[in-house]
Amino acid sequence: MDRETLVKLEQLNQLSLTSQEQDEVLAFFAAREADWEALAAIDTENIERMVHVRPMTNVLREDVASQPFDREDLLVQAPESMDGYWQVPQVL
Amino acid sequence: MSENILFISESSEEAASGSQLTLGLDDLILTKGMATSAGSKMLAGFKSLFDARVYERLHEAGCAVAGKVNIGEFGIDLLGETSHFGPVLTAEGQLTTAASQLLANGSVDAVVGLDVNGAQARAAALAGQVYLKPTYGCVSRFGTVAVACSGETVDVSACSTEVVQQVLDTLAGHDDADGTSLPESECARLKSANSEAAPITQVKVARGLLATADEATQQLIEAAIATLEAEGIAVSDTAPETDKLLSVANLAWNILMCAELCNNVNRFEGMKYGYHAEKCQSIDELYTKSRTEAFGSLLKTAILYGSEVLATNNYDRCYDKALRIRRLVLEALTEECAGGTALLLPACAKRAYSLAEVEANPNLAFEENRFTAPAAITGLPALVAGGVQLLGNAFSETALLRLGAVLSSANLAGKEA
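Here is what the cut-offs are and how they apply
- Residues numbered from 1 in each chain as written.
- Chains lettered and ligands numbered in written order.
- Predicted model: local features only at pLDDT ≥ 70, side-chain atom pairs only at ≥ 80, totals over all residues.
- Heavy atoms only, no water.
- Core = buried A, V, L, I, M, F, W, Y, C linked by side-chain atoms within 4.5 Å.
- Buried < 20%, exposed > 50% of the residue type's maximum accessible area, 1.4 Å probe, protein only.
- Helix = DSSP H or I, 4+ residues; strand = E, 2+ residues; numbered from the N terminus.
- Contact = heavy atoms within 4.5 Å.
- Buried area = accessible area lost by both parts, 1.4 Å probe.
- Salt bridge = Lys/Arg side-chain N within 4 Å of Asp/Glu carboxyl O.
- Polar contact = N/O pair within 3.5 Å; in protein donor to acceptor, adjacent residues only side chain to side chain.
- Pairing = 2+ DSSP bridges.

Peer 1: I'd love a proper account of the nonpolar core, names of residues and values included.
Peer 2: Residues and elements named next belong to chain B. Ranked by size, the top nonpolar core spans 150 residues in total, and within it F74, I76, V167 and L344 carry the most contacts. It is helix 8 (residues 240–264) that contributes the most residues to this core, 14 residues altogether. Residues A99, L102, L103 and V111 belong to the second largest nonpolar core, which totals ten residues.

Peer 1: Talk me through the interface of chain B and chain A; I want residue IDs and the actual numbers.
Peer 2: With 64 residues of chain B at the interface, the matching set in chain A holds 46 residues. Contact between chain B and chain A buries roughly 5,100 Å² in total, counting both sides, with carbon and sulfur atoms accounting for 67%. For the pair chain B and chain A, the number of links is two salt bridges. Between K300 of chain B and E21 of chain A there is a salt bridge, and its shortest N-O distance comes to 3.4 Å. Linking chain B to chain A there are 19 residue pairs in polar contact (both at pLDDT 80 or more). Those elements that provide at least two residues to the side of chain B that touches chain A are helix 8, helix 9 (283–294), helix 10 (297–310), helix 11 (316–336) and helix 14 (373–378) of chain B. When residues in the side of chain B that touches chain A are grouped by element, the largest group, eleven residues, is from helix 11 of chain B.

Peer 1: Report on the pattern of salt bridges, specifying residues and quantitative values.
Peer 2: Applying the stated criterion across every chain yields a total of 15 salt bridges over all chains. With its nearest N and O atoms 2.6 Å apart, the salt bridge here joins E357 of chain B to K350 of chain B. With a relative accessible area of 26%, E357 of chain B lands in the partly exposed category. Looking at K350 of chain B, the relative accessible area reads 26%, which means it is partly exposed. For R370 of chain B, the salt bridge goes to E368 of chain B, with nearest N and O atoms at 3.3 Å. Considered together, R370 of chain B and E368 of chain B belong to a single accessibility category, that of buried residues. Taken together, the shared-partner salt bridges in this structure form one network comprising R49 of chain A together with D320 and R324 of chain B.

Peer 1: Help me get a handle on the pairing of strand 11 (residues 341–346) of chain B, residues and values and all.
Peer 2: Residue and element names in this part refer to chain B. Here strand 11 lies mainly inside the structure; six of its six residues are buried. Residue alternation in strand 11 divides its side chains into two sets, T341, L343 and L345 and A342, L344 and P346, and both sets are buried. For strand 9 (residues 202–205) and strand 11, the ladder comprises four bridges, and the chain directions are parallel. When the bridges of strand 11 are listed, V203 appears paired with A342. Two elements, strand 11 and strand 13 (residues 388–391), share four bridges in a ladder whose sense is antiparallel. Bridge assignment links L344 to a residue of strand 13, and that residue is L390.

Right, dumping it as structure tokens:
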């Protein structure tokens, strides 16, 4: 991981690190190379991935529209709102 | 020294007379009446529109909830040191968690939280308290702040195994609102009414992990072994192949935890709720400034690491590999714990941690979690009692708690020399 790639990763995650923070993250990433080598040394040939630790099936509900919360309640926590909508900086 | 903030918000409700227990809820559990911040500046003061299922169940059972307990940012740190509201220190100046301090000073009977990366297990071990991370899927996570969904579970801390079991009796149960909730018949196996639970008659020591702990911690484990043998428990060691897998369990867990965290905290962008950066000219600037100003360094590192392990060029050797290692670890531990066996291991590498050493190594939680990651990555239950950790097979909680009562009352810390 070099600084240029890290900056791209920051942009992807909507973060902007200081150069000191970048140094710390680059050191963290460099240390993870040894982790990945340790994992590579474990033979996982023919071992299936395990996403869920217990047997589970997806839970589906009826495709019926509902309104669990009032619009006004949802907007109470909004830092800025106007006329029943979230207010954001100009997009266009 | 700055003042310890133990509750980030307190209940305004009067405790009903004859309340069963007084509890604290950690700051990852949503409540309508009290703010939930996840220990983060991003959510400071946030009030949920609904209550978590665990809060409802405690309320219905007549428990009083005293307030929301300070935790580290999104629960991923060592001992709560990354909280927006500040770390919590013991009278001796060592790091602890707000939950452990509240238990130690008698303010609450128990604390119910969400375990993500072992902070409360470590704190309970350091304080000689009792801590239980139950089998994944047996306590509803509906209404908890999602961080690392495939391994995080609601947890319980208290000063005795009896109180932990009492809280577990209230919390365990199926919930249709939680897609990962197990059937009621399986959840019920955690309750004290489950008389079919086989006792634990054998303990295996995870020697490989133990060797990475300091001398005082190793002596504590030896004191636990002596206590267990005196109780007629057979003690042996885990197989070398298991030790090898345990040595990489946290490396795999770090990958899975950060990958899931990266996706889960994407929702926090400073627009719909939470911290909102000022004077932004574009929506991209609003997102980036809000997240940059509100998230702490450890969380940013975890987000970036999670993003990196999911990148196309790393996916197979990191994320995919970690999922396959999860299966190997679960299979190995299930085999080791078969037939009424539990694993004995430390919950942390030392008997105390200072704020200075964590500040010198802010990523320490990703190393010290080698003792708690085996439970997190497998979803198996883990109990901390008497300063040591027992890990058992799924649904072995009542048996673990019975053995934990023996360890709790044995004063292991006084015997370690």
